[in-house]
Structures are given as C-alpha cells and as structure tokens.
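Per-entry structural report
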Amino acid sequence: MRIPLLIGLTAALTAGQSAPPRRDIPTIAKAANGAVVSIIMSDKDGRPLAQGSGFLVSKDGRVVTNYHVIQHGSSAVIKLPDGAFFVVDGVLAADKSRDIAVIKARGNNFRTVSLGDSDRLQVGEEVVAIGNPLSLESTVSNGILSGIRSVEKEGGKLLQITAPISPGSSGG
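Attention here is on the structure that accompanies the text. Here the structure is a predicted model, which is why all the values come from computation and not from measurement. (Residues numbered from 1 in each chain as written. Predicted model: local features only at pLDDT ≥ 70, side-chain atom pairs only at ≥ 80, totals over all residues. Heavy atoms only, no water.)

Attention shifts here to the nonpolar core. Among the nonpolar cores identified, the biggest contains 15 residues, and Val37, Ile39, Val63, Ile78 and Ile103 are the most heavily contacted of them. For this core, the elements supplying multiple residues, two or more each, are β2 (36-42), α2 (67-70), β5 (75-79) and β7 (100-105). Of all hydrophobic cores here, the second largest spans 10 residues; its members include Ala32, Ala35, Ile100 and Val128. (Core = buried A, V, L, I, M, F, W, Y, C linked by side-chain atoms within 4.5 Å. Buried < 20%, exposed > 50% of the residue type's maximum accessible area, 1.4 Å probe, protein only. Helix = DSSP H or I, 4+ residues; strand = E, 2+ residues; numbered from the N terminus.)

Below is the structure:
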C-alpha cells in the first residue's frame, strides 16, 4: 500500500479507494468524523503560530499532516472535533520535499481513517477533502482525480485533484 502524494496532502479518503463498493460523500464524512483533527503549532513561548489539519491513522495517536503545517513551531497540540486537546509528543517522520509528516499525539483509542491503495486510483474518480479551514472543523469538499503525474526525480507520483482546499485545511 502506498500513501498518495498530493499537493496539500488532501486525499485521506477517496470515494473509490479499494475493492469495497463506492461510498457517497455523507458516508465518507461520517466515517471520518473524529479522525480529522486540527493541529495548533506554538512558538517556544507557547504562543500559537499556525493552524492546520491532519488525520489519525492509528489508535495510539499517529497523525499524518503536511510538513509545512509543523515546520515552524516548537510545540503542538491536536484538537478533536469534540473539543478535546492532546499534546503532540514529537515528529515520527518527515519529508520536507514531499511536504508530508507523521506526528505522535499523546493518548490512545483514537478514531482513525483507513488509507486507500493509490495504485488502484483512476483519473476521473471522485475525491473528498476533509479539513479545518480557518478552524471551521470537519469541512467537506469534493472534486475529482484530474491527473496522475509521475515524479521521476522523486521516484513516485503526484495526484492532481480539483477539490477546493482552503487555508487551514492543509494536512486533512
């Protein structure tokens, strides 16, 4: 299984992610409820610097986000849609050139999203982006997979989508 590489990392869920039947947008949004989080980055003095989004991929608190969401802060918390906050213990993995990072939030028994297999995607499939633009939690937009681009230098691919992504949704 490969994680899709996207500008803005906005393909946590796709309508046609694998062999199971396609799910409609309300079903996808409901399944992701509680697993798409806000990430609040703070400076060394604890003052908020930036806000982005991320999504939980493990019950023990691993969150995938964009690297640019976390790159300038000294500390972070994640905020769930129900208002609960969890301290981020650190960065588990990051790739600045691909703009992706995995952080670890303190806690357990989190709701998660499942990742699809990017090798099964087809141009024209519907995609759903879920994020927290301007701290407006669980905002849903849709579009299509408009292109699959080879990135020879990076040894991977880029998925081009048409779903609108607003500031603060990066990482969702």
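Along the chain, Ser141 turns up in strand β9 (residues 139-151). Residue contacts for Ser141: discarding those within four places in its chain leaves Val127, Val128, Ala129, Ala163 and Pro164. (Contact = heavy atoms within 4.5 Å.)

Its identity as a non-glycine residue notwithstanding, Asn109 has a phi of 60 degrees, on the positive side. Structurally, Asn109 can be placed in the loop between β7 and β8 (126-131). According to the relative accessible area criterion, Asn109 is exposed, its value standing at 62%. Of note in the backbone geometry, Ser138 takes a positive phi value of approximately 60 degrees without being a glycine. Along the chain, Ser138 turns up in the loop between β8 and β9.

Strand pairing within a sheet occurs via backbone hydrogen bonds; the two strands may be parallel or antiparallel. Taken in spatial order, the six strands line up as β2-β3-β4-β7-β6-β5 and close into a barrel, and their pairing is antiparallel. Each neighbouring strand pair of the sheet contributes to a mean axis angle of 40 degrees, computed without reference to strand direction. (Pairing = 2+ DSSP bridges. Axes fitted to C-alpha atoms, helices over the stretch in contact; angles between N-to-C directions.)

To continue, consider the pairing of strand β3 (residues 48-56). Bridge count for β2 against β3 is seven bridges, and the pairing is antiparallel. In the sheet register, Ile40 faces β3, and the bridge partner there is Gln51. In this structure, the hairpin formed by β2 and β3 is closed by a connection of five residues, where Gly46 is found at a positive phi of approximately 85 degrees. Relative to strand β4 (residues 62-65), β3 is paired through two bridges, and the arrangement is antiparallel. Within β4, the residue paired with Leu56 across the bridge is Val63. Remark: five residues form the turn of the hairpin made by β3 and β4, two consecutive strands paired antiparallel; Gly61 in that turn has positive phi of roughly 105 degrees.

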